[in-house]
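Below, each chain spelled out in residue letters.
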Amino acid sequence: MKKRFAAVVMTAAMGFSVILGGCGDTSSQSASSDASADLGAPDASGGAGDFGASGDASGNAGGGMDKPPGGGSSSQADIEYTANTELTDSTVLSGQTIESTGTDENAILVQTDGVIAELSDMTIIRESEDSTGGENSSFYGVGASVLTLGGKIMLSNSTITADANGGAGVFAYGDGVAYVWDTDITTQQGSAGGIHVAGGGTLYAWDLNVETNGQSSAAIRSDRGSGTMVVDGGTYTSNGGGS
């Protein structure tokens, strides 16, 4: 199902993830949406322009979110993330290709508080026949193409293609904040949402072109612990069952 969004603001509390596409039809995504003014583009310091109640000018999400209670196959604290490229210092990258083929690894990972990763004109490829997907991917971002657990990721004018179970496009968890604009995201397998928040993560999106094709892979998705997601413009298409 294809959705075209004007400026919408979606904030999910525990147990509200279906409305953001965690398990249900994408037609429910607009049910919790409030029309708002156009959002300001983020600046190089990690600020996000005008977000009203959902965020302040420093890019911090409005309101606190509890961490998820754990459960499923593991708790987030038990997970050892692996990545093709982990950014541990504030970084500016442009025009690079990053290809990830490892089992259940992230192509790009930021998990250090205070890090600002500015990425533009990137080609990000996530491919793996052996990745498992499932709850660790849906709840905690294991195997996502781009994952932030802490710090900020600012991604623009880029392309993400993922053909791996659990290969979400951009995933924000916990203290992680992601800003994504003018970017194409395509995912093929299960548990691979287009833009995804969980565990209280925060994600802002402008004018994205997102297509997902796998089971339980909504183009706009939230799961355990939910989070805050602000979407302004763009086209979002979910083709897979349960998406």
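Remember, predicted model here, so these are calculated numbers, not experimental data.

S.K.: When you look at the overall build of the protein chain in this model, what are you seeing that I'm missing?
M.R.: Assigned secondary structure in the protein chain consists of one helix and 19 strands. Expressed as a percentage of the 243 residues in the protein chain, the buried residues total 58%. Of the roughly 9,000 Å² that the protein chain leaves accessible, carbon and sulfur atoms contribute 43%.

S.K.: Just checking my understanding: could you explain the environment of Gly-242 for this structure?
M.R.: Its location among the elements puts Gly-242 in the segment after strand E19 (227-238). Exposure remark for Gly-242: the relative accessible area of 39% places this residue in the partly exposed category.

S.K.: So what exactly am I meant to see when it comes to the pairing of E19 here?
M.R.: The side chains of a regular strand alternate, residue by residue, between the two faces of the sheet. Counting buried residues along E19, twelve of its twelve residues qualify, which places the element largely inside the surrounding structure. Bridging between strand E17 (residues 201-212) and E19 involves eleven bridges; their strand directions are parallel. Bridged to Tyr-204 within E19 is Val-230.

S.K.: Please clarify how the packing of aromatic side chains should be interpreted in this entry.
M.R.: The relative placement of two aromatic rings is captured by the distance of their centres and the angle of their planes. The tally for this structure, following the rule as stated, stands at four aromatic pairs. Ring centres of Phe-139 and Tyr-140 lie 5.9 Å apart, and the angle between their planes is 80°; on these two criteria the pair is classed as edge-to-face. Among the residues examined, Phe-139 registers a relative accessible area of 10% and is labelled buried. Considering the side-chain rings of Tyr-179 and Tyr-204, the 5.2 Å spacing of their centres and the 15° angle between planes classify their relative orientation as stacked. Of this pair, Tyr-179 sits in strand E14 (residues 177-181) while Tyr-204 sits in strand E17; the two residues are 25 residues apart in sequence, bridging distant segments of the chain. Both residues of the pair, Tyr-179 and Tyr-204, belong to the buried class.

S.K.: Would you explain the nonpolar core in this entry?
M.R.: Generally speaking, soluble globular proteins have nonpolar side chains that are buried together. One finds Leu-119, Leu-155, Val-170, Ile-195, Leu-203 and Tyr-236 to be the most contacted residues of the largest nonpolar core, which totals 31 residues. Top element by residues in this core is E17. It accounts for four residues. What Val-170 contacts, discounting residues up to four positions off in sequence, is Val-146, Leu-155, Ile-160, Ala-178, Val-180, Ile-185, Gly-194, Ile-195, His-196 and Leu-203. Counting 13 residues, the second largest nonpolar core, distinct from the first, contains Leu-109, Tyr-140, Val-142 and Ala-198.

S.K.: Help me understand the sheet that holds strand E7 (residues 106-110) in this model?
M.R.: Taken together, the six strands give an open sheet; going across it, the order is E4-E7-E10-E13-E16-E18, and neighbouring strands pair in parallel fashion. With one partner strand each, in any of the chains shown, strand E4 (83-86) and strand E18 (220-222) form the two edges of the open sheet. In this sheet, adjacent strand axes meet at a mean angle of 20° when their direction is disregarded. Bridge analysis of E4 against E7 gives three bridges, and the strand direction is parallel.

Cut-offs and rules
- Residues numbered from 1 in each chain as written.
- Predicted model: local features only at pLDDT ≥ 70, side-chain atom pairs only at ≥ 80, totals over all residues.
- Heavy atoms only, no water.
- Helix = DSSP H or I, 4+ residues; strand = E, 2+ residues; numbered from the N terminus.
- Buried < 20%, exposed > 50% of the residue type's maximum accessible area, 1.4 Å probe, protein only.
- Areas by Shrake-Rupley, 256 points an atom, 1.4 Å probe, with all protein chains shown as cover.
- Pairing = 2+ DSSP bridges.
- Phe/Tyr/Trp six-rings, centres within 6.5 Å; stacked < 30°, edge-to-face > 60°.
- Core = buried A, V, L, I, M, F, W, Y, C linked by side-chain atoms within 4.5 Å.
- Contact = heavy atoms within 4.5 Å.
- Axes fitted to C-alpha atoms, helices over the stretch in contact; angles between N-to-C directions.

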